[in-house]
Amino acid sequence: MRSIEFVLILAAFTTASSAKQPTTPAAAKPAAHVQSGPADEAGRQKLHESAMKFVEAADARRRLAQSLDKLLEDGKQSMMHTNPGLDPRFGEEWVKRMRTRVSLDQIVVATAQVYEKYFSSDELEELAQGQLALKKGEIHTLPPGLAEKLKTNSPFIQRDINTQTTIIGGRLGSEVGKEIEKEHPEWIKPAPAPAPTAKK
């Protein structure tokens, strides 16, 4: 049986102010602004804490928790479509086990680590303040340079978050699939051979 993969997609979080910026023409797509990162352990720890503060202010955990059932159902449908020999009970058991084993903490940390690549600790603190202000219905204007950097980096951030969550979800989905396959081999039947095509 092919390895079963499960993809979690977590949207990159952007502030409302960045959405108001004019779009860049397709011909002049900017490159990502990746940070070199602090060299010392204390600086790396501060950067991580600032990134966690930002993703928490952006409600990453709540948004993921709210979308988890749909993501699992989508993963199951994709798996059943890709592996037509699977008994529907396999898919139901897969969803049940995944629901208890997906670690929201692991995905939130992976998301924070992506932001650490693109922003400094001070920038992440500013972004967190912007998110907290938006939650309170207050106006918070980001410094123009930071707003532009956020807008420029958003597609790269989204790509990196998708990559990280795909790795996490794919590893867990495959592990769960193999467990079920071992416990219930009767739920896996070879896919039917394609019908022969008529010769002209």
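Shown above is the structure to which this text applies.
Conventions adopted
- Residues numbered from 1 in each chain as written.
- Predicted model: local features only at pLDDT ≥ 70, side-chain atom pairs only at ≥ 80, totals over all residues.
- Heavy atoms only, no water.
- Helix = DSSP H or I, 4+ residues; strand = E, 2+ residues; numbered from the N terminus.
- Expected span 1.5 Å × (residues − 1).
- Buried < 20%, exposed > 50% of the residue type's maximum accessible area, 1.4 Å probe, protein only.
- Contact = heavy atoms within 4.5 Å.
- Core = buried A, V, L, I, M, F, W, Y, C linked by side-chain atoms within 4.5 Å.
- Salt bridge = Lys/Arg side-chain N within 4 Å of Asp/Glu carboxyl O.

Colleague: Go over helix H2 (residues 41-57) with me, naming the residues and quoting the values.
Modeller: Look at H2: 24 Å from first C-alpha to last across 17 residues, which is about the 24 Å you get at 1.5 Å a residue. Every buried residue of H2 is listed here: Gly-43, Leu-47, Ser-50, Ala-51, Met-52, Phe-54, Val-55 and Ala-57. Buried-residue contacts for H2 involve helix H3 (60-82), helix H5 (104-118) and helix H6 (121-135). Trailing H2 by a residue or two, Asp-59 shows a phi angle of about 60 degrees, which is positive.

Colleague: I'd like a rundown of the environment of Lys-46, residues and numbers included.
Modeller: Looking at the element boundaries, Lys-46 is found in helix H2. Accessibility expressed as a relative area gives 44% for Lys-46, which makes it partly exposed. C-alpha separation for the pair Lys-46 and Ser-120, spaced 74 residues apart in sequence, amounts to 9.6 Å. Not counting chain neighbours up to four residues away, the residues in contact with Lys-46 comprise Ser-121 and Asp-122.

Colleague: Which residues make up the nonpolar core, and what values do they have?
Modeller: Counting residues in hydrophobic clusters, the biggest one holds 23 residues, and the most contacted among them are Phe-54, Val-55, Tyr-115, Phe-119, Leu-124, Leu-127 and Ile-157. Elements represented by at least two residues in this core include exactly H2, H5, H6 and helix H7 (144-183). Apart from residues lying up to four places away in sequence, Phe-119 is in contact with Gln-35, Leu-47, Leu-124, Leu-127, Leu-146, Lys-149, Leu-150, Asn-153 and Ile-157.

Colleague: Hey, could you go over the pattern of salt bridges for me, with residue numbers and the actual values?
Modeller: Going through the model one piece at a time under the given rule, you end up with 21 salt bridges. Between Lys-46 and Asp-122 there is a salt bridge whose closest N-O contact spans 3.8 Å. Within this pair, whereas Lys-46 is found in helix H2, its partner Asp-122 is found in helix H6, the two being separated by 76 residues in sequence. Across the pair Lys-53 and Glu-125 runs a salt bridge whose closest N-O atoms are separated by 2.8 Å. In this pair, Lys-53 is assigned in helix H2 and Glu-125 in helix H6, connecting sequence segments 72 residues apart.

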